[in-house]
Amino acid sequence: MTSSAVYQRKRALIIGINTYPRDPLQYCINDAEDLSATLQCIGFDITLELDCHYSKFYNVIDEFAERIQHDELVLFYFAGHGKQSKDQNYLLPSDYDYDYRRHERHYITDHAINVQYIMKKIDDKLCRTAIYIFDCCRKLIRTRATNENQGLSPIHPPPKSLIVFACAPGKTVQDETQNGRNGSFMENLLKWIVTSNTDIEEIMKNVASAVNLQTAGFQLPYRASSLTDKVCLVINNSQG
């Protein structure tokens, strides 16, 4: 059996945003706080930011990336609104102006955070493994609309990384809860992510199956991987 990589440190940046000028969300901060607490319990160093505006969002990314060392596992998680534009994906800060069509053309590029910027900052540090989880593109009303531009577009993972979307590319996540606190993706992620001696790709496969079943097929998490090693977030050497 292939053994998991061993890391000098496990480090996570977790961002959750509920407060938007339009279409505020209900469960993103809960999801971010609960993931932070869970990852801390399994040995992660946590940076948690909530309801951050544009400049704060950028500063947090830069400061977090600056601390990354070569032999580390890095996890980035975002819960909030996301949007694609011209095949680029953007995460929206709390002060994003939804009336940007008045000054449309380059507004999103100057007032939202490009996912490629985040991944490049982390990839440039040559960490051993990177995991990106985008729990965004949330809607208050469940719909099976066929508009492929409403969610994020697919992303090719940088080397030795795993990208996870809470729903399929071009789709949205319903901002609703079945446990009274978390979205469906996070509810199931919290159940599985603490599983010891289990590869992260197997964990995400189990999460996807559980979410798809729980939402009666409405939501199917997506992942893309360039991992070359088995990655276990929890290792229990006492298991036979």
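Within an unreviewed UniProt entry, the label attached to the chain reads Caspase family p20 domain-containing protein, and the organism entered is Rotaria sordida.

Participant: Is there a simple way to think about empty space enclosed by the protein in this case?
Facilitator: One water molecule sets the probe size; rolling that probe over the atoms shows where empty space is left. According to the stated counting rule, one finds 3 cavities of 30 Å³ or more in the structure shown. For the largest cavity, the calculated volume is near 50 Å³. Of the residues that constitute the lining of the largest cavity, the class distribution is 2 nonpolar, 2 polar and 3 charged. A volume near 40 Å³ is recorded for the second largest cavity. Around the second largest cavity, the lining residues are Phe 134, Cys 136, Cys 137, Leu 152, Phe 165, Ala 166, Cys 167, Ala 168 and Lys 171. A class-by-class count of the residues in the lining of the second largest cavity yields 8 nonpolar, no polar and 1 charged.

Participant: Please clarify how the packing of helix 2 (residues 54-66) against helix 4 (residues 115-123) should be interpreted in this entry.
Facilitator: Helix-helix packing: each pair is described by the crossing angle between the helix axes and the interaxial distance. Contact geometry of helix 2 with helix 4 gives a least axis separation of 9 Å together with a crossing angle of 20°. Here helix 2 is positioned roughly parallel relative to helix 4, judged by the angle of their axes. At the point where helix 2 passes helix 4, the crossing takes the right-handed sense. Within the contact between the two elements, helix 2 uses Tyr 58, Ile 61, Asp 62 and Ala 65 and helix 4 uses Tyr 117, Ile 118 and Lys 121. For the contact of helix 2 with helix 4, a count of residues per class yields 5 nonpolar, no polar and 2 charged.

Criteria and thresholds
Positions within a chain are numbered from 1, following the residues in the order the chain's sequence is written. Only residues with pLDDT of at least 70 are given local features in this predicted model, and only at 80 or more are side-chain atom pairs given and counted; all residues enter the totals for whole chains, interfaces and linings. Excluded from the side-chain calculation are hydrogens and water; included are all heavy atoms of the structure. Put simply, the grid is 1 Å and covers the protein atoms alone, a cavity is a trapped set of points that fit a 1.4 Å probe, a pocket is an open set with protein on both sides within 12 Å along at least five of seven lines, and lining residues have an atom within 4 Å of a point. Grid points are joined across faces, edges and corners, and a volume is the space filled by probe spheres set on the points. Basically, the charged four are Asp, Glu, Lys and Arg, the nonpolar ten are Ala, Val, Leu, Ile, Met, Phe, Trp, Tyr, Cys and Pro, and anything else, Gly included, counts as polar. Interaxial angles span 0 to 180 degrees and are taken between N-to-C directions of axes, which are lines fitted to C-alpha atoms, for helices over the stretch in contact. Counting from the N terminus, the helices are the DSSP runs of H or I reaching at least four residues and the strands are the DSSP runs of E reaching at least two. When an angle is under 35 degrees it counts as roughly parallel; over 145 it counts as roughly antiparallel; between 65 and 115 it counts as roughly perpendicular; any other value is oblique. By definition, any crossing whose near helix is turned counterclockwise from its far helix by less than a right angle is left-handed, and any crossing with a clockwise turn is right-handed. Pairs of residues are marked as contacts when any of their non-hydrogen atoms sit within 4.5 Å.

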